[in-house]
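Residue-level listing of the chains:
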Amino acid sequence: MPRVTIDRDGCISCGTCLVECPDVFEEDPSDAKSRVVEQYRDGADPAEGTVPDGLAECVRRASDACPVAVIAVE
Ligand code: SF4
């Protein structure tokens, strides 16, 4: 199952990942940056999560589309 990490410090709140993969990424209302939805978080950190294999293509697409390349998928 792919692990997803967002370097939230570098996120510019463009919203692209939210459009590409809304099952995994959402806007944090406190700072308007992207975060992993609670369902797929590894723990308390909204910047890290593990997603089902069925969402692997979607998170990779979001990672590829992020204009500042702050989404890592392992
Ligand atoms: S695509 Fe990148 S810069 Fe844009 S909201 Fe998502 S993480 Fe932030």
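Throughout this description, residue numbers start from 1 for each chain and increase along the sequence as written. In keeping with the predicted nature of the model, local features appear solely for residues at pLDDT of at least 70, side-chain atom pairs appear and are counted solely at 80 or more, and the whole-chain, interface and lining totals rest on all residues.

Q: Just checking my understanding: could you explain the overall build of the protein for this structure?
A: Runs of E in the DSSP output that reach at least two residues are strands. Runs of H or I that reach at least four are helices, and both are numbered from the N terminus. If you tally the helices and strands in the protein, you get two helices and five strands. In the protein, the order of α-helices and β-strands from amino to carboxyl end is β-α-β-β-β-α-β. Our radius of gyration is a C-alpha quantity, and the globule rule it is checked against amounts to 2.2 Å times the number of residues to the power 0.38. In terms of overall size, the protein behaves like a compact globule, its C-alpha atoms giving a radius of gyration of 11 Å where 74 residues would be expected to give roughly 11 Å. Residues are called buried when their C-beta atom has 20 or more other C-beta atoms within 10 Å, exposed when it has 12 or fewer, and partly exposed otherwise; all C-beta atoms are positioned from the backbone. Out of the 74 residues in the protein, the part that is buried amounts to 24%.

Q: What's the story with the site of the ligand in this structure? I'm lost.
A: Proximity of a residue to a molecule or strand is defined by its backbone-placed C-beta atom lying within 6 Å of that partner. Taken together, 14 residues lie around the ligand, and Cys11, Cys14, Thr16, Cys17 and Cys66 are the ones closest in. Ten residue types, Ala, Val, Leu, Ile, Met, Phe, Trp, Tyr, Cys and Pro, are classed as nonpolar, four, Asp, Glu, Lys and Arg, as charged, and the remainder, Gly among them, as polar. Here the shell around the ligand is built from residues that sort into ten nonpolar, four polar and no charged.

Q: Where do I start with the sheet that holds strand 4 (residues 48-50) in this structure?
A: Within a sheet, each strand pairs with its neighbour through backbone hydrogen bonds, oriented either parallel or antiparallel. If you walk across this open sheet you meet the three strands as 4-1-5, and the pairing is antiparallel. At either end of the open sheet lies a strand with only one pairing partner, and these are strand 4 and strand 5 (71-73). Neighbour-to-neighbour, the strand axes of this sheet turn through a mean angle of 15°, independent of strand direction. When DSSP finds two or more bridges between two strands, those strands count as paired. The pairing of strand 1 (residues 3-6) with strand 5 spans three bridges and is classified as antiparallel. Axis angles are defined between N-to-C directions and span 0 to 180 degrees, where every axis is a line fitted to C-alpha atoms and, for a helix, only to the segment in contact.

Q: When you look at helix 2 (residues 56-65) in this model, what are you seeing that I'm missing?
A: Since one α-helical turn is 3.6 residues long, residues separated by three or four positions face the same way. Turning to helix 2, its buried residues number three or more, namely Val59, Ala62 and Ser63. With its buried residues spanning 100° around the axis, helix 2 presents them on a single face. Away from its buried face by more than 90 degrees, helix 2 exposes Glu57 and Asp64. Contacts here follow a simple rule: the backbone-placed C-beta atoms of the two residues must lie within 7 Å. On the buried face of helix 2, the contacting elements are strand 1, helix 1 (16-20), strand 2 (25-27) and strand 5. Arc definition: it is the arc formed by the directions from the helix axis to the C-beta atoms.

Q: Please clarify how unusual backbone geometry should be interpreted in this entry.
A: Backbone geometry follows two general trends: most residues other than glycine have a negative phi, and most peptide bonds adopt the trans configuration. The residue Ser13 is not glycine, and still its phi comes out positive at about 55°. If you trace the backbone, Ser13 turns up in the loop between strand 1 and helix 1. Given 12 C-beta atoms within a 10 Å radius, Ser13 is considered exposed. At Ala32, a position not held by glycine, the phi torsion is positive, near 70°. Tracing the chain through its elements places Ala32 in the loop between strand 2 and strand 3 (34-36).

Q: Please clarify how the nonpolar core should be interpreted in this entry.
A: By convention the nonpolar core is taken to be a set of buried residues drawn from Ala, Val, Leu, Ile, Met, Phe, Trp, Tyr and Cys and joined through C-beta atoms within 7 Å. Core analysis: the biggest nonpolar cluster contains 14 residues, and Val24 and Ala62 have the highest contact counts within it. Of all the secondary structure elements, the ones that give two or more residues to this core are strand 1 and helix 2.

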